[in-house]
Amino acid sequence: NEVQFAASNKLKNTNYQNVYNDIANVIRENDEHDDYIGSGPVLLRLAWHASGQFDSKQEIKGGSYNGTLRFDKELSDPSNAGLKYAFDLLKPIYKKYNHQISHGDLFTLAGVVAVQEMGGPKIPWRYGRVDGDIETVPLNGRLPDANQNANYVRNFFHRLNFLEDKEIVALIGAHCVGKTHLKNSGFEGPWGAATNMFTNEFFRNLLTEKWVLEKNEAGNQQYNNDKGYMMLPTDMALVQDGSFKKIVEEFANDESSFFKVFSSAFNKLLENGIKFEKSSPVLYFKTLDEQDI
Ligand code: HEM
Ligand SMILES: O=C1CCNc2c1cnc1ccccc21
């Protein structure tokens, strides 16, 4: 399994806090997106989909390194419906830095910006991903199916080298922001709880709301409550499985525990398959608020 070595020397002169701020300003400027949920959630989903097609057992491994989500071949994967909007938000920033940032670094940094600007935990981040050509695009169909149960979810994340249940539960906790869109995924809602604040709300919703399994307009089964909230079958799997459920209860009662696990798991997701030199720095970014911008 040849690993992909981060090319940190060429990119070390870029001021990544400036890139962070440019992405954060794009989020601020596009606050009307999706009925004023804003573009944080869809940028977070972009970073996850740019990284989550990793499979170390395949010839073409995928992962964020090659920045392959920029190719229509990958962007047109039905799993990526709706993400072209997010990529289009980042194109002017890619042009502005004129090859001083790779697409893989840009996509993953956008996920860090989205989480932090929505009030989530600090995410450590390293640069050095190098754009690969179209030959490095992984096969479509490697992202997860929402119509599945707990064992499917566990096995899916084992492929991404997440062997601990708490990492898996924390990562899916990103469903605290944004919503599903019938035209993208065949799921709709939530209307009430769709937010742009990164909190442990999703875990509290799972435990406290009364959920009813219903077929939606696209013929898919989803869980709805009387306030217009929804859960995917893979969301509900987190309280249908004993081990997952204990962790949902922990995160519902202790947001800092959720934040701590999410921070390291999300960093691991964004760096799957990449070998960074010991010398390449781990960067932490200030939010716009922390810079009084
Ligand atoms: C079992 C694993 C997962 C499944 C099956 C899943 C499935 C989905 C589906 C079907 C949507 C709706 C897309 C749309 O209709 O626009 C969605 C949205 C979203 N997902 Fe996931 N997801 C999973 C894990 C994750 C992870 C690990 C993250 C990030 C760490 C994530 C972040 C998001 C975000 C932020 C949205 C909202 C996007 C928006 O509002 O436009 N998801 N997910
Ligand atoms: O309970 C919520 C809060 C708002 N967003 C979501 C919830 C549950 N499941 C989701 C699944 C995908 C995207 C967003 C959500």
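See the structure above.
These figures come from a predicted structure and were not determined experimentally.

Cut-off values and rules
- Note that residues are indexed from 1 along each chain, following the sequence as it is written.
- Chains and ligands are labelled sequentially in the order written, the chains with letters from A and the ligands with numbers from 1.
- In keeping with the model being predicted, local features are shown solely for residues with a pLDDT of at least 70 and side-chain atom pairs are shown and tallied solely at 80 or more, while totals for entire chains, interfaces and linings include all residues.
- Think of the side-chain values as coming from all heavy atoms in the structure, minus any hydrogens and water.
- Throughout, nonpolar core names a set of buried Ala, Val, Leu, Ile, Met, Phe, Trp, Tyr and Cys residues whose side chains join them through atoms within 4.5 Å.
- Using a 1.4 Å probe on the protein chains alone, a residue whose accessible area is under 20% of its type maximum counts as buried, one over 50% counts as exposed, and one in between counts as partly exposed.
- The contact rule is simple, with two residues in contact once any of their heavy atoms fall within 4.5 Å.
- The way it works is that DSSP assigns letters per residue, a run of H or I at least four long becomes a helix, a run of E at least two long becomes a strand, and they are numbered from the N terminus.
- To estimate the expected span of a helix, count its residues, drop one, and scale the result by 1.5 Å.
- Residues are counted as near a molecule or strand when any one of their heavy atoms sits within 4 Å of it.
- The definition of a polar contact used here is a pair of N or O atoms within 3.5 Å, where within protein one atom must be able to donate a hydrogen and the other to accept one, and adjacent residues in sequence count solely through side-chain atom pairs.
- For this scheme, ten residues count as nonpolar: Ala, Val, Leu, Ile, Met, Phe, Trp, Tyr, Cys and Pro. Four count as charged, namely Asp, Glu, Lys and Arg, and the remainder, Gly too, count as polar.
- In this listing, donors mean N, O and S atoms no farther than 2.8 Å from the metal, or 3.2 Å for Na, K and Ca; water is missing from the atoms, so a site can look incomplete.
- Only the protein chains shown count as cover for residues, with accessible areas throughout obtained via the Shrake-Rupley method and a probe of 1.4 Å.

Caption draft 1: Region of interest: the nonpolar core. Within the largest apolar cluster, 82 residues are counted, with the highest numbers of intra-cluster contacts made by F157, F198, F262 and F266. Leave out the neighbours within four places in its chain, and F198 touches L44, V115, M118, G119, G120, P121, A174, C176, V177, F258, F259 and F262.

Caption draft 2: Representation of helix α7 (residues 103-117) within the structure. Its 15 residues place the ends of α7 21 Å apart at the C-alpha level, agreeing with the 21 Å of an ideal helix rising 1.5 Å per residue. Taking burial as the measure, the 15 residues of α7 include 14 buried ones, the bulk of the element. One or two residues past the end of α7 sits G119, with phi positive at roughly 90°.

Caption draft 3: Representation of the site of ligand 1. Not every one of the 23 residues close to ligand 1 is listed here, only the nearest: H175, K179, H181, N184 and S185. The contact in question runs from a nitrogen atom of ligand 1 to an N or O atom on the side chain of H175, over 2.9 Å. At 2.9 Å from an oxygen atom of ligand 1 is found a main-chain nitrogen or oxygen belonging to K179. For the shell around ligand 1, the leading source of residues is helix α4 (residues 40-51), giving five residues. For the shell around ligand 1, the class distribution of residues is 13 nonpolar, seven polar and three charged.

Caption draft 4: Up close: the coordination of the iron atom of ligand 1. Protein coordination of the iron atom of ligand 1 is limited to a single donor, H175 (NE2), positioned at 2.1 Å. Structurally, H175 can be placed in the loop between α9 (165-172) and α10 (182-185).

Caption draft 5: Fine view of unusual backbone geometry. Between G189 and the following residue, P190, the backbone shows a cis peptide bond with an omega angle of -5°. Considering the arrangement of structural elements, one finds P190 in the loop between α10 and α11 (201-208). Positive phi, normally seen in glycine, also occurs at D34, with a value near 55°. Using a relative accessible area of 22% as the deciding quantity, one classes D34 as partly exposed. At D35, a residue that is not glycine, the phi angle is positive and equals roughly 55°. Summarising the element assignment, D35 is placed in helix α3 (residues 33-36). Its relative accessible area of 73% is what places D35 among the exposed residues.

Caption draft 6: Geometry of the site of ligand 2. Looking at ligand 2, there are 14 residues lining it, with H175, G178, N205, M230 and D235 nearest. At 2.9 Å, a backbone N or O of G178 approaches a nitrogen atom of ligand 2. The separation between an oxygen atom of ligand 2 and a polar side-chain atom of N205 is 3.2 Å. Summarising the interface, the protein chains cover 96% of the accessible area of ligand 2, which totals 340 Å² for the free molecule. Broken down by secondary-structure element, the contributors of at least two residues to the shell around ligand 2 are α11 and β4 (230-231). A breakdown of the residues in the shell around ligand 2 according to their chemical character gives eight nonpolar, four polar and two charged.

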